[in-house]
Amino acid sequence: MSARIVVVGGSLGGQRSAEQLRAKGWDGEIVVIGAEHHPPYQRPPLSKAVLTDEGLREPAAADLLARPDVALRQRPGVEGITWITGHSAVGLDLASRTVAMDDGSDLAFDGLILATGLRPRRLALEGGTASRHVLRTLEDAISLRAALQPGVRVAVVGAGFIGCEVAASAVARGCDVTVIEPLAQPMLAPLGARLARAMRQHHEDRGVRFSLNRVVTALRTGSDDRDRIEAVGLDDGSEIPATLVVEAVGSVPNVDWLSGTGLDLSNGLLCDGSLRVEGHQGIVAVGDVARFPNPRFDDVPRRVEHWSMPADTAVQAAVTLMADLGRPVPGGTGHVFAPLPSFWSDQFDVRVQGYGTSVACDETRILEGDFSNGWKKRGVTVGHHRNGRLVGCLVAGGTPAQRMKARRLVEESTMIKAVAL
Amino acid sequence: MKVTVDTKLCAEMGQCVFSAPEVFAFNDNGKLVWESNPDLGLRDAVDEAADVCPVQAIFVEHD
């Protein structure tokens, strides 16, 4: 049997991992296991165009997968990948180096890439299941789109990027939207107070209502229908009438299937700086589950949920894995893995695009621009700092040149001294 | 190696500019411009640019 690398997780991370293995010269077997019943696809349009495009008529999954914005194109020339969709890995035996599958079979591996991603966190409240939505998968988007009809009263719980994008899309669909958020502003941590306030105004100008500094404590269902919500109860005793609730309260890493392995599963998969999982030779993590130290910032292992991470981590994971399997990539391990995370969010007609991190920052301030009339066209640049050092920078509105400048600023500010390994 | 960009998909995010600055750039109007037949030595950078484009607007043909 030729050597086999198993990739658990068939979305963007799994796809890029398989591609990188072939690009780096792996000619052994590659088996990718994906729990979803589709080939991998792009999630970002699911909160935007997939919800708002008027041209779509009750789309089925196949319709969405055919869209150029949703389809995930494979790297040309990548061959010989075995894709298993609609199946899950349910266990890992580190001693025998096998993955247990949901159909009872075992899949032996020489190398293992763990890329199982995230699932939406749910509110710890019972009832109203027919009215409650999350947004992660194609099926979630289809279901949510169908429910977002003109006049429907929507409560979006959580004012992070997903919540705010869904709120904007729901308004575009003619819904009546209230966003409920425990903090004082939407997207407060990633944007900083000034920009968060400006984005809130941007939403409010378009009809979105915010209930800030509030937590959802109850879901009031119909007296004759426990499956349908009529109102959302808040911690101050008030109620917001709503018949559709979108739970946008964060994500949970899909690592439960690894319980019993002895691995630290407290927050994704704990990795070293080369993405090796807790020192296990031949086992690496990619994408949303990978908790690793990024020397750009510090030595604290962290997960980063940005779209850029699956591709960036797949490159390093392939290098690490092939070295562990005795097929080192020439020059591959010669540099430190220090990706610069990037993200973007489109809400109504404003793009926020950012680089670096806002985590563990002690100062956030505007670097360029202000919020007087016309700010979206002129652009505003915000910087996140730690101990006086710029570690994150984002631009709201503005031009590509401003975004490039923001990226350069963070890249230079977080540059690490080259380390010979 | 042939590089094309679908300008209808391009959202001017600029990830390509950082992956392959010899090939991709923004002009003074904030529109992406690119080298259609870049040097073969830039192959890895161009492939990376296509991978990191959030809207998959970059198409690369290798001979």
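A few points on the structure. (Residues numbered from 1 in each chain as written. Chains lettered and ligands numbered in written order. Predicted model: local features only at pLDDT ≥ 70, side-chain atom pairs only at ≥ 80, totals over all residues. Heavy atoms only, no water.)

What follows concerns the overall build of chain B. The helix and strand tally for chain B stands at two helices and four strands. Scanning chain B from its N terminus toward the C terminus, one meets helices and strands in the order β-α-β-β-α-β. Its C-alpha atoms give chain B a radius of gyration of 10 Å, near enough to 11 Å, the size a compact globule of 63 residues would have. Of all 63 residues assigned to chain B, the portion counted as buried reaches 52%. Across chain B, contacts joining residues at least 24 apart in sequence account for 60% of those joining residues at least 6 apart. Surface exposure of chain B reaches about 3200 Å², of which carbon and sulfur atoms provide 47%. Computing the positive centroid from 4 side-chain charges and the negative centroid from 12, chain B places the two 9 Å apart. (Helix = DSSP H or I, 4+ residues; strand = E, 2+ residues; numbered from the N terminus. Rg over C-alpha atoms; globule rule 2.2 N^0.38 Å. Buried < 20%, exposed > 50% of the residue type's maximum accessible area, 1.4 Å probe, protein only. Contact = heavy atoms within 4.5 Å. Areas by Shrake-Rupley, 256 points an atom, 1.4 Å probe, with all protein chains shown as cover. Lys, Arg positive; Asp, Glu negative; His and termini not counted. Charge placed at Lys NZ, Arg CZ, Asp CG, Glu CD.)

Here we come to the environment of Arg226(A). All names here are of chain A. Relative to the helices and strands, Arg226 is located in strand 14 (residues 225-234). Between the alpha carbons of Arg226 and Ala401 there is a distance of 53 Å; along the sequence they are 175 residues apart. Setting aside chain neighbours within four positions, we find Arg226 in contact with Gly127, Gly128 and Thr221. Within polar-contact distance, the side chain of Arg226 engages the side chain of Thr221 at 2.5 Å. (Polar contact = N/O pair within 3.5 Å; in protein donor to acceptor, adjacent residues only side chain to side chain.)

This next bit is on the side chain of Thr414(A). Residues and elements named next belong to chain A. With respect to the helices and strands, Thr414 occurs in the segment after helix 10 (400-413). Among the polar contacts listed, one links the side chain of Thr414 to the side chain of Arg296, at a separation of 2.9 Å. Setting aside chain neighbours within four positions, we find Thr414 in contact with Arg296, Phe297, Leu340, Arg389, Leu390 and Val391.

What follows deals with the nonpolar core. Residue and element names in this part refer to chain A. Within the largest apolar cluster, 47 residues are counted, with the highest numbers of intra-cluster contacts made by Val8, Leu21, Val99, Leu112 and Leu114. A per-element tally of this core places helix 8 (residues 308-324) first, with six residues. When neighbours within four sequence positions are excluded, Leu21 is seen to be in contact with Ile5, Trp26, Ile30, Ile113, Ala318, Leu321 and Met322. Residues Cys164, Val179, Leu191 and Leu212 belong to the second largest nonpolar core, which totals 45 residues. (Core = buried A, V, L, I, M, F, W, Y, C linked by side-chain atoms within 4.5 Å.)

A few words on the pairing of strand 13 (residues 216-222) of chain A. The side chains of a regular strand alternate between both faces of the sheet. Residue and element names in this part refer to chain A. Sheet topology places strand 13 next to strand 14; six bridges connect them, and they run antiparallel. The residue bridging Leu219 from the neighbouring strand is Val232, located in strand 14. Where strand 13 folds back on strand 14, the antiparallel hairpin that results is connected by two residues. (Pairing = 2+ DSSP bridges.)

This model, assessed by the stated rule, comprises 37 salt bridges over all chains. Between Asp47(B) and Arg75(A) there is a salt bridge, with the nearest N and O atoms lying 4.0 Å from each other. Here Arg75(A) lies in the loop between helix 3 (61-65) and strand 3 (81-85) and Asp47(B) lies in helix 2 (residues 43-52), a pairing that spans two chains. Look at Asp47(B) and you get buried, because its relative accessible area is 11%. What makes Arg75(A) buried here is its relative accessible area of 16%. Put simply, Asp288(A) and Arg136(A) hold a salt bridge, and the shortest N to O gap is 3.1 Å. (Salt bridge = Lys/Arg side-chain N within 4 Å of Asp/Glu carboxyl O.)

Take the sheet that holds strand 4 (residues 89-93) of chain A next. All names here are of chain A. Taken together, three strands build an open sheet; the order of strands is 4-5-6 and the sheet is antiparallel. Two strands close off the open sheet at either side, each with one partner strand: strand 4 and strand 6 (106-108). Strand-to-strand twist of the sheet, defined as the mean angle between neighbouring strand axes without regard to direction, takes the value 25 degrees. (Axes fitted to C-alpha atoms, helices over the stretch in contact; angles between N-to-C directions.)

This part covers the interface of chain A and chain B. As a measure of interface size, the accessible area lost when the parts come together is often cited. Opposite the 23 residues of chain A that make contact, chain B presents 20 residues. Considering only the side of chain A, the residues that lose the most area to chain B are Arg73(A), Arg75(A) and Met404(A), jointly responsible for 30% of the buried surface there. Linking chain A with chain B are three salt bridges. Here Arg75(A) ties to Asp51(B) by a salt bridge, and the two come within 2.9 Å at their closest N and O atoms. In this structure, the connection of chain A to chain B is made through eleven residue pairs in polar contact (both at pLDDT 80 or more). Elements with a contribution of two residues or more to the side of chain A that touches chain B: helix 1 (12-23), strand 22 (342-347), strand 23 (350-356) and helix 10 of chain A. Here the side of chain A that touches chain B gets six residues from one element, more than from any other, and that element is helix 10 of chain A. (Buried area = accessible area lost by both parts, 1.4 Å probe.)

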